[in-house]
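Chain residues, written in single-letter form:
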Amino acid sequence: MVDIFDPSYGEEIDVKVSDNKVLKGGEVNLKEKDPTLSKVVVGAGWKLNAFDADTLDLDISCFLLNKDGQTRVDEDFVFYNNTETCEGAVVHNGDNLTGAGDGDDETISIDLNGVPFDVVKIMFVFSIYRGEEKDQAMKSVRNGYLRIVNLANSQEILRYETNEDVQGSDGTAMLIASLNREGPKWHFEAVGECVTGGLGKIATDYGIIVHQG
């Protein structure tokens, strides 16, 4: 695929979504795609199957992980009840309960230069609120996606779409993608792994003590 951000390529480019798609398992060096990148918006969107009787509440969250694949402190888990960490370097911009409307349903803003150096991975997660309790699963989510946007110019850099990877899944959460640090560089990886046990299971795996209410 032609790298549309290569300076040797034509200057006047009409960037289409299809140019930016990343498939499950794909990895992209963000600095190679856009050398000016410093602050990004991670946007997520989805639609729900119209025939589902009970409205499904899908959420995006992220975990800041060290070299051992664990959170350092509880604040490294950023979600609807903990919307900011690292002095504002990572901010969850609000909860959408229905997935209705066009555009991104939920977003997380990240200042890549403000993320502490002992954080080597940021893992993004889709999860269904009370999915186990309501017997709801990721297979009911359609047109799901996660995309990376340069905050400075609103340019979409890449997009991962989940449709194929949630088909038939009874999981209530998904490890959707990660940003992996390599020195000053950040690599995007489309993970696309559905998980049973929901957000609580993932949080526990990453070292968060989950209080059962």
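Computed from a predicted model, the values in this text were never measured in an experiment. (Residues numbered from 1 in each chain as written. Predicted model: local features only at pLDDT ≥ 70, side-chain atom pairs only at ≥ 80, totals over all residues. Heavy atoms only, no water.)

## Focus on unusual backbone geometry
Its identity as a non-glycine residue notwithstanding, Arg130 has a phi of 55°, on the positive side. Along the chain, Arg130 turns up in the loop between β8 (121–128) and α3 (131–134). The exposure class of Arg130 is partly exposed, given its relative accessible area of 45%. At Asp135, a residue that is not glycine, the phi angle is positive and equals roughly 55°. Assignment of secondary structure puts Asp135 in the loop between α3 and β9 (141–150). (Helix = DSSP H or I, 4+ residues; strand = E, 2+ residues; numbered from the N terminus. Buried < 20%, exposed > 50% of the residue type's maximum accessible area, 1.4 Å probe, protein only.)

## Some details on the pattern of salt bridges
Using the criterion set out here, one finds 9 salt bridges in the structure. Put simply, Asp68 and Lys67 hold a salt bridge, and the shortest N to O gap is 3.7 Å. One salt-bridge network, in which partners are shared between bridges, spans Asp104, Arg147, Glu156 and Arg159. (Salt bridge = Lys/Arg side-chain N within 4 Å of Asp/Glu carboxyl O.)

## Points about the layout of surface pockets
Volume-wise, the largest pocket comes out at about 790 Å³. The wall of the largest pocket is formed by 28 residues, among which Tyr80, Leu199, Gly200, Val210 and His211 lie closest to the centre. Those elements that provide at least two residues to the lining of the largest pocket are β8, α3 and α5 (198–205). Looking at the lining of the largest pocket, the element that brings in the most residues is α5, giving 6 residues. A per-class count over the lining of the largest pocket returns 10 nonpolar, 12 polar and 6 charged. (1 Å grid on protein atoms, 1.4 Å probe; cavity = no way out; pocket = protein on both sides within 12 Å on 5 of 7 lines; lining within 4 Å. Points joined across faces, edges and corners; volume = space filled by probe spheres on them. Nonpolar A, V, L, I, M, F, W, Y, C, P; charged D, E, K, R; others polar.)

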